[in-house]
Amino acid sequence: MTSLDDLPIRDDLRGLTPYGAPQLHVPVRLNVNENAYRVPEQVALDIVQEIARALPDANRYPDREFDTLRQSFADYLGHGLRPEQIWAGNGSNEVLQHVLQAFGGPGRTLLSFTPTYSMYPLLAQGVGMQWLPVPRADDFTLTPEAVREAIAEHDPDVVFLCSPNNPTGTAIDLETIEAAAASARGIVLVDEAYAEFAHDRSRTALTLLDRYPRLLVSRTMSKAFAFAGIRVGYLAADPAVVDALRLVRLPYHLSAITQAAAVAALRHSDTMLSRVDDLRAQRDRLVVELGALGYQPYPSDSNFVLVGGVDDPQATFRALLEQGILIRDVGLPHTVRITAGTEAETSAVIAAMAALRAE
Ligand SMILES: *Cc1c(COP(=O)(O)O)cnc(C)c1O
């Protein structure tokens, strides 16, 4: 037996800890922003049939260009997008990794506005690039001026804008995204993992793609499509950007099973989006009801709410876990992050938070 410290690991990986939110099998899991609903049975059956059709050909490598899936994503996204503008990977995390492999790397920089998605620094580290965190305003909003200023100061190779932002729920307005796209020398990626949960779904950076060839918009099936377990993320951009991503992907990176499952699931986008509407209602309920209890929930366009006014986030986390409810302490002072659940799950977490207030 040896220890990690004894291994000839890369110097820049020494002392790091892997991404790791707890995976505990408690009744109410509201800690990693998963879709609270299971895949509906009729959708699951259709997926199984599509996989069954693909399976006899599993002796062959899958379609390296995943043409059918790209067409499905283009149709789903709309905005006149063509299949050659679509890229996909095993989760949008892999898509983001492809972007950094192609446009980042040693000697280059990734800028993002913090607090934001905790994977960005890890992805940057993994490809040997420097991460540049620029703090947001106290209310976590961003303005065109702030974005222009940060880009002028740091001249980054890649900018990641998370909208709606994890862990704060804050949407970035299109004017601010445009300010980034117009002023950055390098790539600007808008991570729209939670786009379907926004109050105004039409307010997406997809509408800007025509005008900014170095603007990329990433999405995922993990949240809106209740597909976190299958691992499918995707991106829309100029066809030349997609060509660049082809240079760094491993051949046949999307299995035939993954492609079949995603194509089938996308046929049911209406069903899946109606569940998203239920989750948006529970998200709004968290904001209203926790606010009425004296907490300070931040406005959210995603499927979770960052809740301020929490005296001791770790104590709150533990108290709720004792009742079988898992939430997230994201390390921001006096806050916890709570994913919107089913109506019953949301009621349970609100009741538990109310009991803590009463103590
Ligand atoms: C959940 C999440 C993703 C999705 O990751 P997958 O790899 O697609 O599961 C991407 N970006 C943000 C900000 C997220 O919160």
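Residues numbered from 1 in each chain as written. Predicted model: local features only at pLDDT ≥ 70, side-chain atom pairs only at ≥ 80, totals over all residues. Heavy atoms only, no water.

## What to know about the overall build of the protein
Secondary structure assignment for the protein yields eleven helices and twelve strands. Taken over C-alpha atoms, the radius of gyration comes to 21 Å for the protein, in line with the 21 Å a tight globule of 359 residues would show. Along the three orthogonal principal directions, the C-alpha set of the protein runs to about 60 × 55 × 50 Å. Out of the 359 residues belonging to the protein, those deemed buried represent 52%. Accessible area of the protein: about 16300 Å², with a carbon and sulfur share of 52%. Positive and negative side-chain charges of the protein, numbering 31 and 45 respectively, have mean locations separated by a distance of 4 Å. (Helix = DSSP H or I, 4+ residues; strand = E, 2+ residues; numbered from the N terminus. Rg over C-alpha atoms; globule rule 2.2 N^0.38 Å. Buried < 20%, exposed > 50% of the residue type's maximum accessible area, 1.4 Å probe, protein only. Areas by Shrake-Rupley, 256 points an atom, 1.4 Å probe, with all protein chains shown as cover. Lys, Arg positive; Asp, Glu negative; His and termini not counted. Charge placed at Lys NZ, Arg CZ, Asp CG, Glu CD.)

## Some thoughts on helix H3 (residues 92-103)
Over its twelve residues, H3 extends 16 Å from the first C-alpha to the last, a length consistent with the 16 Å expected when each residue adds 1.5 Å. Considered for burial, the residues of H3 that qualify are Ser92, Glu94, Val95, Leu96, His98, Val99, Leu100 and Phe103. Two residues or fewer past H3, glycine 105 is found with a positive phi of approximately 100 degrees. (Expected span 1.5 Å × (residues − 1).)

## Topic: the sheet that holds strand S2 (residues 86-89)
One open sheet holds the seven strands; their spatial order is S2-S8-S7-S6-S5-S3-S4, and the pairing between them is mixed. The sheet terminates laterally at S2 and strand S4 (130-135), the two strands that pair on one side only. Ignoring which end each strand starts from, the neighbouring axes of this sheet average 25 degrees apart. Judged from the four bridges that link them, S2 and strand S8 (residues 233-236) form a sheet pairing that is antiparallel. Bridged to glycine 89 within S8 is glycine 233. (Pairing = 2+ DSSP bridges. Axes fitted to C-alpha atoms, helices over the stretch in contact; angles between N-to-C directions.)

## Some thoughts on helix H6 (residues 174-183)
Listed as buried for H6 are Thr176, Ile177, Ala179, Ala180 and Ala181. At its buried positions, H6 is contacted by helix H5 (144-154), strand S5 (158-162), strand S6 (187-191) and strand S7 (215-220). (Contact = heavy atoms within 4.5 Å.)

## As for the site of the ligand
If you check the shell around the ligand, you find 13 residues, and the closest are Ser92, Tyr194, Thr220, Ser222 and Lys223. In the environment of the ligand, an oxygen atom lies 2.8 Å from a nitrogen or oxygen atom belonging to the side chain of asparagine 166. Measuring from an oxygen atom of the ligand, one finds a side-chain N or O atom of tyrosine 194 at 2.6 Å. Using a 2 Å cut-off from the grid points, one finds that the ligand occupies the largest pocket. Counted by class, the shell around the ligand contains four nonpolar, six polar and three charged residues. (Near = heavy atom within 4 Å. Polar contact = N/O pair within 3.5 Å; in protein donor to acceptor, adjacent residues only side chain to side chain. 1 Å grid on protein atoms, 1.4 Å probe; cavity = no way out; pocket = protein on both sides within 12 Å on 5 of 7 lines; lining within 4 Å. Sits in = over half its atoms within 2 Å of the grid points. Nonpolar A, V, L, I, M, F, W, Y, C, P; charged D, E, K, R; others polar.)

## Some points on the side chain of glutamate 65
Turning to its location among the elements, glutamate 65 is positioned in the loop between helix H1 (41-54) and helix H2 (67-77). A polar contact is formed between the side chain of glutamate 65 and the side chain of arginine 70, at a distance of 3.0 Å. If sequence neighbours within four positions are ignored, glutamate 65 has contacts with Arg70, Arg246 and Arg249.

## What about the domain arrangement of the protein?
If you check the domain split of the protein, you get domain 1 (22-38 + 270-358) and domain 2 (41-267). Between the C-alpha centres of domain 1 and domain 2 there is a distance of 25 Å. Taken together, the contact between domain 1 and domain 2 spans 24 residues of the former and 27 residues of the latter. Buried area between domain 1 and domain 2, both sides added, is near 2100 Å², and the carbon and sulfur share of it is 59%. The largest contributions to the domain 1 side of the interface with domain 2 come from Met272, Arg280 and Asp301, which together make up 29% of the buried area. In this assembly, domain 1 and domain 2 are joined by one salt bridge. The salt bridge involving arginine 201 is made with aspartate 277; its shortest N-O contact spans 2.9 Å. The interface formed by domain 1 and domain 2 contains twelve residue pairs in polar contact (both at pLDDT 80 or more). Put simply, the parts of the chain that give the side of domain 1 that touches domain 2 at least two residues each are helix H9 (269-292) and strand S10 (304-308). Sorting elements by how many residues they give to the side of domain 1 that touches domain 2 places H9 first, with nine residues. Tallied by class, the residues present in the side of domain 1 that touches domain 2 amount to twelve nonpolar, six polar and six charged. (Domains from an automatic or database assignment. Buried area = accessible area lost by both parts, 1.4 Å probe. Salt bridge = Lys/Arg side-chain N within 4 Å of Asp/Glu carboxyl O.)

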